[in-house]
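Here's the letter readout for the chains.
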2 protein chains.
Amino acid sequence: MPLKLLLIEDDPLLASTLTETLTVENQRVERIADGGEALDRLSFDHDYDLILLDLNLPNRSGLEVLEALRSRDRQTPVLILTARAAIEDRVKGLDLGADDYLAKPFALDELEARVRALLRRRQNDPSEPLMLGSLSFDRQRQHFTLNDTALSLPPREHRLLACLIHYAGEPVDKARLLDEAFAGEAVGDNAIEVYVHRLRRRLAASDVRLRTVRGIGYLLEVE
Amino acid sequence: MPLKLLLIEDDPLLASTLTETLTVENQRVERIADGGEALDRLSFDHDYDLILLDLNLPNRSGLEVLEALRSRDRQTPVLILTARAAIEDRVKGLDLGADDYLAKPFALDELEARVRALLRRRQNDPSEPLMLGSLSFDRQRQHFTLNDTALSLPPREHRLLACLIHYAGEPVDKARLLDEAFAGEAVGDNAIEVYVHRLRRRLAASDVRLRTVRGIGYLLEVE
DNA sequence: CACCAACCTTACAGTTCCGTAAGGTAGAAC
DNA sequence: GTTCTACCTTACGGAACTGTAAGGTTGGTG
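Residues numbered from 1 in each chain as written. Chains lettered and ligands numbered in written order. Predicted model: local features only at pLDDT ≥ 70, side-chain atom pairs only at ≥ 80, totals over all residues. Heavy atoms only, no water.

**Examining the protein's contact with DNA strand D**
Consideration 1: In the region of DNA strand D, 19 residues are neighbours, and A:Arg156, A:Tyr195, A:Arg198, B:Thr212 and B:Tyr218 sit closest.
Consideration 2: A share of 57% is what sugar and phosphate atoms reach among the atoms of DNA strand D within 4 Å of the protein.
Consideration 3: Here a base oxygen of DNA strand D and a side-chain polar atom of B:Arg214 are 3.3 Å apart.
Consideration 4: For the surface near DNA strand D, the secondary structure elements donating two or more residues are helix H6 (155-166) and helix H8 (189-203) of chain A together with helix H8 (189-203) of chain B. (Near = heavy atom within 4 Å. Polar contact = N/O pair within 3.5 Å; in protein donor to acceptor, adjacent residues only side chain to side chain. Helix = DSSP H or I, 4+ residues; strand = E, 2+ residues; numbered from the N terminus.)

Structure follows, in C-alpha cells:
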C-alpha cells in the first residue's frame, strides 16, 4: 500500500526538492502551494498518511489550515516546516495539534528521519491492519480476512493465529504462545499442536504457511 | 488516571528543573540517573506514558537503552533530550525508535509543548480502555474485566456487550445491533433476547445494568 | 542403522454454545 | 377491563468447540 503524503509549501524550489527526496523513500507526494486550496483539499481527502505544512502561505496561514484540519480529524500526523523559529511559534504550532515542528533551514537527512518517525507510528497503530500474503488481520475489530473473504475462527484458533501474525515471519516459541495467546488458560502442550493442525487445514488453500521450527515453535509466512 | 513519566538524565540540576516543570502539567515523574538502572527498570515496568531520555549516561548509553526498550516495546513514546546536536545523531536516535529529538540547550516551553504533543496521541488511542462502573473493556485486546477479574464470554455475547459498551449510556436499537455486532450473521430477533438474558445473569452481581428501552432496544448503564 | 524426542494426525467424548420453540409477563392503547 | 405487541424466561436438541489419548512420522544423534 503506497503511502500518501501531502506537502503544503509555497516555495517552488523547496517544494520540488522535498518532493524528490520523499518520493524516493515513500510513495506518492501531492503538493499544494496555497492555503485556501489546502483547506478545500483537506475537507475532501481524509486519507493522507502525513501532512507537511509550511506556515507562511498565500491566502490562509498554515496555522489556520491546521486548526481547521484538527477540528475534523485529529488522527493524521502533521509536521510543521517553517522559517518561523521563535519558541512561541513552536509552542503554538504544537499545541494546535501538530506532531512535530522543524525550523528552516534544516538538513534533509533530519527531515527524512522525522518523517520516518511519524510514519512508523502508523505501523503499530491498531487501525492499520496487519497483512501477510492474502491474509489480513484487523486489530481494531480482531477480525481475519483471507482471500478477501471473512475468516471466522473458533476462539482458541483465533487467538493463536492473532499471536502468530503479530510476529509474522519470525518463529514464536510455545512458551510465548502459552503466555501471550492463552494467558492463564491451562492449555496443554499437545493442544497447541492440534490447533496448529486445524489452522493449517484452513490456510491450505491460501499462500500463507504455518511452518514448524523444530525445537523452537511455529512461524507464519508467505510461501 | 495520573500520567506517569520516566526521566532518564544524569545531570542533577537539569533533572530537578525538569521534574519540577513536568510535575506541574502532568502527574508523576520518576527519575533515573544511570543507564544500567534504566535498563533494569524498563524490563519490569512497561506502563510509562512517556520516556524522556538523555544520551550521555553513566554505565550504558541512552541509545543502548532505547534499543533494548524497542526490542520489547515499540509503543511507549520516547523523547530524546541531549547535548549531541549533530544531524547524524538525530537521525540515529529517531531511526532507533525515538519519537522526537530535542537538542540542549532548549527552552522549557518548547519541551513542554513537545511533551504535550506526544501525550496527546495517547488520548484518542484505542489502547485506553472503555469503563462503565466496575466493567471495563480493553479495545486493543477485546477483553472485558468485571470487578477486576477477567470476564470471558462466548463469542456472541461478547460481541453484543462490546457493541453496547461502545454506546454506553444511550439506547442501541436492534437493527443497529444486528448490523454492527452481528454483521451478516443471520441472528434471529429472539436470539438477541436470549443473549441479553444471559448477559444479565452474568452482570447481576455488578453495578452494571442492561436495561431494555421498550420499542427501541437496549441500553447499558451504571445503576 | 537404532533410538529418541519433537511433532503430526486422527478420533472421540465431554463440554459449551447456539437458537428455536413454547409459554409467561408487562406495558400501552382502546 | 380486553387486547395486542414487545419482551422475558426456560428448556432442549443439535451444532460447534475443546483437549486428551493413541498411534504414526520425521529429523537428529550416536
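**Side note on the domain arrangement of chain A**
Consideration 1: Under the domain assignment, chain A is made up of domain 1 (4-123) and domain 2 (130-222).
Consideration 2: Between domain 1 of chain A and domain 2 of chain A, the C-alpha centre-to-centre distance is 39 Å. (Domains from an automatic or database assignment.)

**Things to note about the nonpolar core**
Consideration 1: Counting residues in each nonpolar core, the largest one holds 29 residues, and the members touching the most others are A:Leu135, A:Phe144, A:Leu161 and A:Leu220.
Consideration 2: Listing elements by their share of this core, those giving two or more residues are strand E6 (130-132), strand E7 (135-138), strand E8 (143-146), H6, H8, strand E11 (208-213) and strand E12 (217-222) of chain A.
Consideration 3: No other element matches H6(A), which puts 6 residues into this core.
Consideration 4: In this structure A:Leu161 touches A:Leu135, A:Phe144, A:Leu151, A:Leu153, A:Leu199, A:Leu203 and A:Leu220, once residues within four positions along its chain are discounted.
Consideration 5: Counting 28 residues, the second largest nonpolar core, distinct from the first, contains B:Cys163, B:Ala181, B:Phe182 and B:Leu220. (Core = buried A, V, L, I, M, F, W, Y, C linked by side-chain atoms within 4.5 Å. Buried < 20%, exposed > 50% of the residue type's maximum accessible area, 1.4 Å probe, protein only. Contact = heavy atoms within 4.5 Å.)

**Focus: the pairing of strand E12 (residues 217-222) of chain B**
All names here are of chain B.
Consideration 1: The element E12 is largely enclosed, with a buried count of 5 among its 6 residues.
Consideration 2: When strand E10 (residues 172-173) meets E12, the two strands line up antiparallel, connected through 2 bridges. The partner of valine 172 across the bridge, within E12, is tyrosine 218.
Consideration 3: Where strand E11 (residues 208-213) and E12 come together, 6 bridges link them in antiparallel fashion. The residue of E12 that forms the bridge with arginine 211 is leucine 219. (Pairing = 2+ DSSP bridges.)

**A few points about the interface of chain A and chain B**
Consideration 1: Taken together, the contact pairs 29 residues of chain A with 29 residues of chain B.
Consideration 2: Overall, the association of chain A and chain B removes approximately 2,500 Å² of surface from exposure, summing both partners, and the carbon and sulfur fraction of that is 43%.
Consideration 3: At the boundary of chain A and chain B, one finds 8 salt bridges.
Consideration 4: Between B:Arg114 and A:Asp100 there is a salt bridge, with the nearest N and O atoms lying 2.7 Å from each other.
Consideration 5: At the junction of chain A and chain B, the tally comes to 16 residue pairs in polar contact (both at pLDDT 80 or more).
Consideration 6: Put simply, the parts of the chain that give the side of chain A that touches chain B at least two residues each are helix H4 (87-95), strand E5 (100-103) and helix H5 (108-123) of chain A.
Consideration 7: For the side of chain A that touches chain B, the element with the most residues is H5(A), which contributes 9 residues.
Consideration 8: When its residues are assigned to classes, the side of chain A that touches chain B shows 12 nonpolar, 5 polar and 12 charged. (Buried area = accessible area lost by both parts, 1.4 Å probe. Salt bridge = Lys/Arg side-chain N within 4 Å of Asp/Glu carboxyl O. Nonpolar A, V, L, I, M, F, W, Y, C, P; charged D, E, K, R; others polar.)

**Some points on the protein's contact with DNA strand C**
Consideration 1: Near DNA strand C lie 19 residues; those nearest to it are A:Thr212, A:Tyr218, B:Arg156, B:Tyr195 and B:Arg198.
Consideration 2: For DNA strand C, a phosphate oxygen lies 2.7 Å from a polar atom in the side chain of B:Arg156.
Consideration 3: One of the side-chain nitrogen or oxygen atoms of B:Asn190 is found 3.4 Å away from a base nitrogen of DNA strand C.
Consideration 4: Elements with a minimum of two residues in the surface near DNA strand C: H8 of chain A together with helix H6 (155-166) and H8 of chain B.
Consideration 5: Counted by class, the surface near DNA strand C contains 7 nonpolar, 5 polar and 7 charged residues.

**Topic: the sheet that holds strand E4 (residues 78-82) of chain A**
Residue and element names in this part refer to chain A.
Consideration 1: Spatial strand order, E2-E1-E3-E4-E5: 5 strands in an open sheet with parallel pairing. Two strands close off the open sheet at either side, each with one partner strand: strand E2 (28-32) and E5. Each strand axis lies, on average, 20° off the axis of its neighbour in the sheet, ignoring direction.
Consideration 2: Where strand E1 (residues 4-8) and E2 come together, 5 bridges link them in parallel fashion. (Axes fitted to C-alpha atoms, helices over the stretch in contact; angles between N-to-C directions.)

**Observations regarding H6(B)**
Side chains three or four residues apart in an α-helix point the same way, a direct result of the helix having 3.6 residues per turn.
Consideration 1: Along its 12 residues, H6(B) runs 17 Å from first to last C-alpha, staying within 8% of the 16 Å computed at 1.5 Å per residue.
Consideration 2: Those residues of H6(B) lying buried are B:Glu157, B:His158, B:Leu160, B:Leu161, B:Ala162, B:Cys163, B:Leu164 and B:Ile165. (Expected span 1.5 Å × (residues − 1).)

**Observations concerning the sheet that holds strand E4 (residues 78-82) of chain B**
Residue and element names in this part refer to chain B.
Consideration 1: In space, the 5 strands of this open sheet follow the order E2-E1-E3-E4-E5, with parallel pairing throughout. Taken across any chain shown, the strands that pair with only one partner, and hence form the sheet edges, are strand E2 (28-32) and strand E5 (100-103). The sheet shows a mean angle of 20° between the axes of neighbouring strands, taken without regard to direction.
Consideration 2: With 3 bridges joining them, strand E3 (residues 50-53) and E4 adopt parallel strand pairing.

**Notes on the packing of aromatic side chains**
Residues and elements named next belong to chain A.
Consideration 1: One pass over the full model with this rule turns up 4 aromatic pairs over all chains.
Consideration 2: Ring centres of phenylalanine 137 and phenylalanine 144 lie 4.4 Å apart, and the angle between their planes is 25°; on these two criteria the pair is classed as stacked. Accessibility assignment for this pair places phenylalanine 137 and phenylalanine 144 in one class, buried.
Consideration 3: Here phenylalanine 182 and tyrosine 195 contribute two aromatic rings whose centre-to-centre distance is 5.7 Å and whose plane-to-plane angle is 45°, an arrangement assigned as tilted. Highlighted residues: phenylalanine 182 in the loop between helix H7 (174-180) and H8 and tyrosine 195 in helix H8, separated in sequence by 13 residues.
Consideration 4: Residue phenylalanine 182 is classed as buried on the basis of its relative accessible area, which comes to 2%.
Consideration 5: Between the NZ or CZ atom of lysine 4 and the centre of the ring of tyrosine 48, over which it lies, the distance is 4.7 Å. (Phe/Tyr/Trp six-rings, centres within 6.5 Å; stacked < 30°, edge-to-face > 60°. Lys NZ or Arg CZ within 6 Å of the ring centre and 35° of its normal.)

**Quick word on the side chain of A:His158**
Residues and elements named next belong to chain A.
Consideration 1: Considering the arrangement of structural elements, one finds histidine 158 in helix H6.
Consideration 2: Classification of histidine 158 by relative accessible area gives buried; the value is 16%.
Consideration 3: Within polar-contact distance, the side chain of histidine 158 engages the backbone oxygen of glutamine 142 at 2.9 Å.
Consideration 4: With residues near it in sequence (within four places) discarded, histidine 158 still touches Phe137, Gln142, Phe144 and Leu153.

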